[in-house]
Amino acid sequence: MSETWQLSCICPGVCPAVLVPLRGPGPHGPYLRPLDILAEVVPSDGATSGIRIVQVHGARGLQLSAAAPRTMSFPASRIFSRCDLFPEEFSIVVTLRVPSLPPKRNEYLLTVVAEESDLLLLGLRLSPPPCTEVEDAQFWFDASRKGLYLCVGNEWVSVLAAKERLDYVEEHQNLSTNSETLGIEVFRIPQVGLFVATANRKATSAVYKWTEEKFISYQNIPTHQAQAWRHFTIGKKIFLAVANFEPDEKGQEFSVIYKWSHRKLKFTPYQSIATHSARDWEAFEVDGEHFLAVANHREGDNHNIDSVIYKWNPATRLFEANQTIATSGAYDWEFFSVGPYSFLVVANTFNGTSTKVHSHLYIRLLGSFQLFQSFPTFGAADWEVFQIGERIFLAVANSHSYDVEMQVQNDSYVINSVIYELNVTAQAFVKFQDILTCSALDWEFFSVGEDYFLVVANSFDGRTFSVNSIIYRWQGYEGFVAVHSLPTVGCRDWEAFSTTAGAYLIYSSAKEPLSRVLRLRTR
């Protein structure tokens with residue numbers, strides 16, 4: 001081995017460098033130990049002129065003067081004691097603390113050169129260099145982009161780039177609503193813009209349009225204690241369906257589907273459907289056919305009633321009843337597909353005596369949904385399906401543990417919500433993680449860069465509605481770990497969305513006429 005390690009730090013900073021062999025060269029094996037390169041060239045007392053040993057936040061390193069750049073080198077033979085071949089795989093770990101980077105400085109942080117000719121074999125540099133034959137196989141560290149680039153031919157190729165990471169969450173807008181908001185739906189209309197529909201407790205709900213980086217009032221729509229909106233499209237038709245919980249002025253219970261008018265640029269009534277204290281709509285498509293599923297919560301005092309799946313009839317251009325499914329205080333439907341299979345899961349909340357009821361997952365076979373799996377739930381209010389890599393998860397929001405034969409305790413609202421993961425071998429969802437929640441009413445899954453997150457709508461802890469909702473980050477083997485705590489009041493629903501300006505979250509409050517838009521700041 002005839003190469004020489006040469007280290008050059010060009011500006012003030014703490015600069016330790018470590019070579020870590022990962023796999024040895026063929027039959028010779030990994031004979032290299034982790035090596036502190038700087039220790040090979042600098043006396044332990046730092047006697048070399050222009051170099052000081054310093055300690056910053058517990059990290060020891062060397063400080064070099066920018067006024068007098070130093071080059072320190074040593075022969076590679078000092079570290080290859082049992083084998084004269086360079087490791088087949090290795091890492092060079094460098095920690096550099098630089099107050100400022102002088103522009104257009106053709107200097108290197110680390111180089112490997114031939115001992116006889118000083119031919120540059122490998123280089124790590126900070127300044128933005130050209131990429132020519134001279135720089136071929138050299139590395140360039142771009143401090144502004146926090147990325148490492150390799151010169152290949154005449155092009156710098158990224159080999160290590162900093163990931164965009166969620167840093168903190170800040171309040172962006174307080175959105176005054178017509179009344180308390182029980183659900184929100186964010187959607188886009190092509191060539192028109194970004195909107196949010198709020199399902200309000202009183203007689204008027206609203207649609208807001210994103211204008212100059214905030215939502216402004218766009219259209220009011222009469223509703224009857226609206227619980228949720230669902231946006232969907234069929235061909236070029238754009239629809240918005242509202243789930244009404246209370247009867248209208250005539251005592252009739254109808255939920256309404258509105259259609260977007262391209263001429264009026266407004267939503268207009270399209271079809272009314274008889275429902276029973278509707279909590280939610282779910283729109284989905286299977287094999288080119290369009291469906292709507294309504295979660296009927298109760299009829300009078302009876303919570304054990306049918307919820308209905310409607311199918312779009314292209315001939316009449318209306319939704320018609322297609323299938324009924326027995327539910328117990330249904331609160332939410334969630335549709336998803338796994339390969340060629342279509343699934344529909346319902347959140348059952350209350351059977352008339354207890355919130356400890358089974359929620360059911362159905363699979364579509366032979367033209368109808370059939371029971372696939374049941375889950376023990378406690379006042380289930382929401383299901384959220386999401387995928388991380390090839391892994392598929394289902395998260396249920398449990399809101400309340402209650403039984404008429406039990407004395408209600410304050411902590412009956414502080415219970416575990418559960419994340420399940422699909423086990424393909426077992427052909428079932430199995431419990432993956434319990435997360436302690438406070439009367440959870442909603443989960444929302446979103447991503448920032450390459451990171452994945454879940455935010456829960458915590459609504460009540462048994463004493464107060466001013467309860468923090470939590471953002472959890474996916475940590476792989478550790479599952480989801482809490483990373484941000486967000487003050488909320490009676491939080492009911494979360495929606496994530498993004499614009500050209502960045503990523504946002506919006507939540508609705510069931511206890512005050514105010515929804516809040518939060519901005520996700522990244523680093």
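Scoring rules and cut-offs
Residues numbered from 1 in each chain as written. Predicted model: local features only at pLDDT ≥ 70, side-chain atom pairs only at ≥ 80, totals over all residues. Heavy atoms only, no water. Helix = DSSP H or I, 4+ residues; strand = E, 2+ residues; numbered from the N terminus. Buried < 20%, exposed > 50% of the residue type's maximum accessible area, 1.4 Å probe, protein only. Contact = heavy atoms within 4.5 Å. Areas by Shrake-Rupley, 256 points an atom, 1.4 Å probe, with all protein chains shown as cover. Patch = residues over 30% accessible without salt bridge, like charges linked within 9 Å, V, L, I, M, F, W, Y side chains within 5 Å. Salt bridge = Lys/Arg side-chain N within 4 Å of Asp/Glu carboxyl O. Pairing = 2+ DSSP bridges. Axes fitted to C-alpha atoms, helices over the stretch in contact; angles between N-to-C directions. Phe/Tyr/Trp six-rings, centres within 6.5 Å; stacked < 30°, edge-to-face > 60°. Lys NZ or Arg CZ within 6 Å of the ring centre and 35° of its normal. 1 Å grid on protein atoms, 1.4 Å probe; cavity = no way out; pocket = protein on both sides within 12 Å on 5 of 7 lines; lining within 4 Å. Points joined across faces, edges and corners; volume = space filled by probe spheres on them. Nonpolar A, V, L, I, M, F, W, Y, C, P; charged D, E, K, R; others polar. Polar contact = N/O pair within 3.5 Å; in protein donor to acceptor, adjacent residues only side chain to side chain.

If you check an unreviewed UniProt entry, the protein appears there as Thrombospondin type laminin G domain and EAR repeats from Pan paniscus.

Caption draft 1: Representation of the overall build of the protein. For the protein, the count of helices and strands is one helix and 40 strands. Residues classed as buried in the protein amount to 50% of the 523 residues present. Within the protein, contacts between residues separated by at least 24 positions form 45% of all contacts whose residues are at least 6 apart in sequence. As displayed, the protein offers around 25100 Å² of accessible surface, 49% of which is attributable to carbon and sulfur atoms.

Caption draft 2: Geometry of a nonpolar patch on the surface. On the surface, Tyr341, Leu365 and Leu366 cluster together to form a nonpolar patch covering roughly 360 Å² of accessible area. Here leucine 366 shows up in the loop between strand E28 (356-365) and strand E29 (368-378). Take leucine 366: its relative accessible area is 87%, and that puts it in the exposed class.

Caption draft 3: Inspection of the pairing of strand E38 (residues 491-499) at higher detail. Counting buried positions along E38 gives seven out of nine residues, so the element sits mostly inside the fold. One ladder, built from eight bridges, connects E38 with strand E39 (residues 502-509); its direction is antiparallel. Among the inter-strand pairings, glutamate 495 is bridged to a residue of E39, identified as isoleucine 506.

Caption draft 4: Just the sheet that holds strand E16 (residues 204-210), in detail. Pairing in this open sheet of four strands is antiparallel, and the strands run E14-E15-E16-E17 from one edge to the other. Among the strands making up the open sheet, the edge pair consists of strand E14 (181-189) and strand E17 (215-222). This sheet shows a mean twist of 25° between the axes of neighbouring strands, independent of strand direction. One ladder, built from four bridges, connects strand E15 (residues 193-200) with E16; its direction is antiparallel. Bridging from a neighbouring strand, alanine 197 pairs with valine 207 of E16.

Caption draft 5: Layout of the packing of aromatic side chains. Counted by the stated rule, this structure contains 43 aromatic pairs. Members of the aromatic cluster, each reached through a chain of ring pairs, are Phe386, Phe393, Phe432, Phe445, Tyr452, Trp474 and Phe480. Positioned above the aromatic ring of tyrosine 218 is the side chain of lysine 266, whose terminal nitrogen or guanidinium carbon lies 4.6 Å from the ring centre. Stacked on the ring of phenylalanine 465, the Lys or Arg lysine 511 has its end atom at 4.3 Å from the ring centre.

Caption draft 6: Representation of the layout of surface pockets within the structure. By volume, the second largest pocket amounts to about 610 Å³. Around the second largest pocket sit 28 residues that line it, and Arg279, Tyr331, Ser399, His400 and Leu441 are the ones nearest its centre. Looking at side-chain class alone, the lining of the second largest pocket contains twelve nonpolar, twelve polar and four charged residues.

Caption draft 7: Molecular detail of the pattern of salt bridges. On inspection of all chains with the given rule, the structure shows eleven salt bridges. Here the salt bridges share partners, and the residues they tie into one network are Glu185, Arg230, Asp280 and Glu282.

Caption draft 8: Expanded view of the side chain of threonine 377. Structurally, threonine 377 is set in strand E29. A polar side-chain atom of threonine 377 sits 2.8 Å from the main-chain carbonyl oxygen of valine 357. Polar contacts involving the side chain of threonine 377 include one to the side chain of serine 359, which spans 2.9 Å. With residues up to four places along the chain from it excluded, the contact list for threonine 377 reads Asn348, Thr355, Lys356, Val357, His358, Ser359, Trp383, Val396 and Asn398.

Caption draft 9: Quick look at unusual backbone geometry. Its identity as a non-glycine residue notwithstanding, glutamine 191 has a phi of 65°, on the positive side. Relative to the elements of secondary structure, glutamine 191 occurs in the loop between E14 and E15. Residues other than glycine seldom take positive phi values, yet aspartate 287 does so here, at roughly 50°. When its relative accessible area of 78% is taken as the criterion, aspartate 287 is described as exposed.

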